[in-house]
Amino acid sequence: TDIHETALEVARAGIYQEGISQDVSPARLRRFFVKTERGYQIAKAIRESCIFARQNLAKDPPFSRLDLISCRNALIYMKPPLQKKILSAFHYALKPGRFLLLGTSETVGEITDLFGSVDRKSRIYGRKEVLARPPVDFGLPGHGQDASHARRRAGEIAPSLEGIEKEADGIVLARYGPPGVLVNEHLDIVQFRGNTSSFLAPAPGTASLNLSKMAREGLLPDIRMAIRQARTKNGPVRKDGVVVGANGGRVEIVLQVVPMKLPSLADVHYLVLFEEAPPEAREAGRKSPRKAEGLPKERAEYVVQLENDLATTKEYLQTVSEEYEATNEELRSANEEIQSSNEELQSTNEELETAKEELQSTNEELITVNETLANRNAELGQANNDLVNLLGSVNIPLVMVGHDLRIRRFTSDAGKVLSLIPTDMGRPISDLRPSIPLHDLGRKIREVLETLSVKEEEVTGPDGRCHLVRIRPYRTEDHKIEGAVVALFDVTALKSSQRLEDDARIARDIVDTAREPLLILDGTFKVRFGNRSFYRVFRTDPAEAENRSLFELGNGQWNIPRLRSRLEKVLPGKTAFRDFKVSHDFPGIGRKTVLINGRRIGGKGRKQDMILLAIEEADDRPPVRKRP
């Protein structure tokens, strides 16, 4: 995976420079690589077994159930929070006990609870089992939110506690300055402000930061009541004359509760402040009409204290009663909702059972379809291999083009004849500049696609070789036209053979019209051809003479030792003889004296030479003597 699409394209191609032959053994090169014009390419079977996908490690959901993650030299460019997020995603993606491979300059840092070192030098780490799965951000924005809004919201939520602290500092410093605590709706203390030891103390037992467990004697009822009032009216609440027992004595304080709510937080927080009551307030609280009636001072103060405690208790009980009634109403409403939800869940459960059965059926169908696709894929691969081997074995230049006249496939012979290279795949065929004159090839292919007829044309290249160009439509199994096939046949030899046959026919006609008898013999002195004059003069049937030895014709009339001797010297010595005089009794003709001229005939490209015999009747003239 990579975030850059161009890098993925390079990876999919799997092409390495030729220099890798210095580091990779010849056996591995032959087994796993294919030699191309640009270097060595990974074998197709290996490339097809790999998946290349675009992925942003910081945003996109991770893959799952992996055996190995190789992430080298990527984390070093990121800050620790982002590294921690990505390593948590890697922990989620790996199978138990599987491995993470990092770059030589990278480590897992502080995430030692998720990964343990297997090979520190090679930067190989093993996945650890943890009791609680670390949180993994799958990078999926909420409904109606784009990625930028999700990032902005994440930036607002992250410093939420810091915002509350600053807001609390502003309120305390601007208005009060007394000690206090910041609590949430469940009375869990979020922050201590100032010295609160006179009002709060840890409770025996399990450690807890809940305000209800840490409040000193006499303080909890007033805190609960004040927070309830602040929640009800959504504003600050002040209570005077609150008595707190601390260090064996009792202190009168002023209790204030200020609700706080920030836009980035869903819950409301409360700032609880403790302030000792001023002396004049304490004196006013101690005054009582009973003192005027002659009660002792200590008794009067005790009575006043009891009256204050009684009033506070009544108020607290009233608050508790109201909370109880409200809670009871909420429980009734919740019970009704739970009953309704239970019915909905039962209905949903039935629907899920039905959906489960449908999914099982669908899963079986998908398995069947998957097996079918696998079989078809295997058949397609076999057909493709057959096609590649067929095209490689057929020594015919073939080029296949689509409707857009772009090259889809071509044979190696076509690459030689038309000067094609692998990068020409996908190029318009009209852009080619072949060595043979294929004028208006694109227009001719369009005509074939429009008329659905086969078009043929003979062209001759600069080297003198003649090619028959045949263009025919490309038909699929369902008889759809998906392009055209251009085939080039080298007909140079055929043309040459036709010319030779034409020349031989002309020569035969010329020999046939000659008035003197002529014979053509092969190297074994068999008659290959005789003209009409020979068969007419010597009264011989062509069927009986051809393919028979000259010395077996008739009754052996040509079996003349001196003639045989002359003929045996013609081909080895490449000689000729003239005016060889023969007198013989020929059947049906009588005695005849003839002059025989013989010479070797043959030409370039013939398998064997022949002997031409020209026979003419001798007269009474003496033979012409050759000059010495």
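Residues numbered from 1 in each chain as written. Predicted model: local features only at pLDDT ≥ 70, side-chain atom pairs only at ≥ 80, totals over all residues. Heavy atoms only, no water.

Trainee: Honestly, the side chain of Glu106 in this entry has me stumped. Any pointers?
Mentor: Residue placement: Glu106 occurs in the loop between β5 (94–102) and β6 (115–119). Nearest to the buried, unbridged Glu106 among oppositely charged side chains is Arg72, at 7.1 Å. In this structure the side chain of Glu106 is engaged in a polar contact, spanning 2.7 Å, whose partner is the backbone nitrogen of Gly103. With sequence-adjacent residues up to four places away left out, Glu106 is seen in contact with Cys71, Arg72, Asn73, Ala74, Leu75, Ile76, Arg123 and Tyr125. (Helix = DSSP H or I, 4+ residues; strand = E, 2+ residues; numbered from the N terminus. Buried < 20%, exposed > 50% of the residue type's maximum accessible area, 1.4 Å probe, protein only. Lys, Arg positive; Asp, Glu negative; His and termini not counted. Salt bridge = Lys/Arg side-chain N within 4 Å of Asp/Glu carboxyl O. Polar contact = N/O pair within 3.5 Å; in protein donor to acceptor, adjacent residues only side chain to side chain. Contact = heavy atoms within 4.5 Å.)

Trainee: What exactly am I supposed to notice about a nonpolar patch on the surface here?
Mentor: Taken together, Leu68, Phe99 and Val118 make up a surface patch of nonpolar side chains, about 280 Å² in accessible area. When you line up the elements, Leu68 lands in strand β4 (residues 66–71). You can call Leu68 exposed: its relative accessible area is 53%. (Patch = residues over 30% accessible without salt bridge, like charges linked within 9 Å, V, L, I, M, F, W, Y side chains within 5 Å. Areas by Shrake-Rupley, 256 points an atom, 1.4 Å probe, with all protein chains shown as cover.)

Trainee: What is the right way to look at the nonpolar core in this model?
Mentor: Generally speaking, nonpolar side chains in soluble globular proteins are found buried as a group. Core analysis: the biggest nonpolar cluster contains 26 residues, and Leu550, Trp558, Leu563, Leu567, Ile596 and Leu613 have the highest contact counts within it. At the level of secondary structure, the elements contributing two or more residues to this core comprise β18 (518–521), α15 (532–537), α17 (561–573), β20 (576–586), β21 (590–601) and β22 (610–617). With four residues, the single largest contributor to this core is β20. Excluding residues within four positions of it along the chain, Trp558 makes contact with Phe534, Phe538, Leu550, Phe551, Leu553, Leu563, Phe586, Ile596 and Ile615. (Core = buried A, V, L, I, M, F, W, Y, C linked by side-chain atoms within 4.5 Å.)

Trainee: I would appreciate a short explanation of the pattern of salt bridges in the present structure.
Mentor: Pairs may arise between side chains of opposite charge once their charged atoms sit close together. For the structure on display, the rule yields 18 salt bridges. Connected through salt bridges with shared partners, the residues Asp440, Arg443, Glu447 and Lys455 form a single ionic network.

Trainee: Quick question: what am I supposed to make of the sheet that holds strand β1 (residues 15–16) here?
Mentor: The strands that make up a sheet pair up through hydrogen bonds in the backbone, lying either parallel or antiparallel. Taken in spatial order, the three strands make up an open sheet running β1-β3-β2, and their pairing is antiparallel. Looking at which strands have only one partner, the edges of the open sheet turn out to be β1 and β2 (33–36). Judged from the two bridges that link them, β1 and strand β3 (residues 39–42) form a sheet pairing that is antiparallel. By the bridge assignment for β3, Tyr16 is matched with Tyr40. (Pairing = 2+ DSSP bridges.)

Trainee: Looking at this structure, I do not really get unusual backbone geometry. What am I missing?
Mentor: Among all residues save glycine, negative phi is the norm, and among peptide bonds the norm is trans. The residue Leu187 is not glycine, and still its phi comes out positive at about 65°. Considering the arrangement of structural elements, one finds Leu187 in the loop between β8 (180–183) and β9 (189–193). Take Leu187: its relative accessible area is 10%, and that puts it in the buried class. Phi is positive for Leu405, close to 65°, though the residue is something other than glycine. One can find Leu405 in the loop between β13 (398–401) and β14 (407–410). Classification of Leu405 as buried rests on a relative accessible area of 4%.

Trainee: Hey, could you run me through the packing of aromatic side chains in this one?
Mentor: We describe a pair of aromatic rings using the distance from one ring centre to the other and the angle between the two ring planes. Under the definition given, this model contains seven aromatic pairs. Between the aromatic rings of Phe33 and Tyr40, the centroid separation amounts to 6.4 Å while the plane-to-plane angle is 85°, which identifies the pairing as edge-to-face. For the pair formed by Phe33 and Tyr40, the shared burial category is buried. With centroids separated by 6.3 Å and ring planes inclined at 80°, the aromatic side chains of Phe577 and Phe580 adopt a geometry described as edge-to-face. (Phe/Tyr/Trp six-rings, centres within 6.5 Å; stacked < 30°, edge-to-face > 60°.)

Trainee: Looking at this model, I keep getting lost on the pairing of strand β16 (residues 466–475). Mind explaining?
Mentor: The two faces of a sheet get side chains in turn, since along a regular strand they alternate between them. One ladder, built from six bridges, connects strand β15 (residues 455–460) with β16; its direction is antiparallel. When the bridges of β16 are listed, Thr460 appears paired with Cys466. Taking the residues between adjacent antiparallel strands as the criterion, β15 and β16 are bridged by five residues, where Gly464 takes a positive phi near 85°. Inspection of the sheet shows β16 paired to strand β17 (residues 481–490) by nine bridges, in the antiparallel sense. Looking across to β17, one finds that Arg470 is bridged to Ala487.

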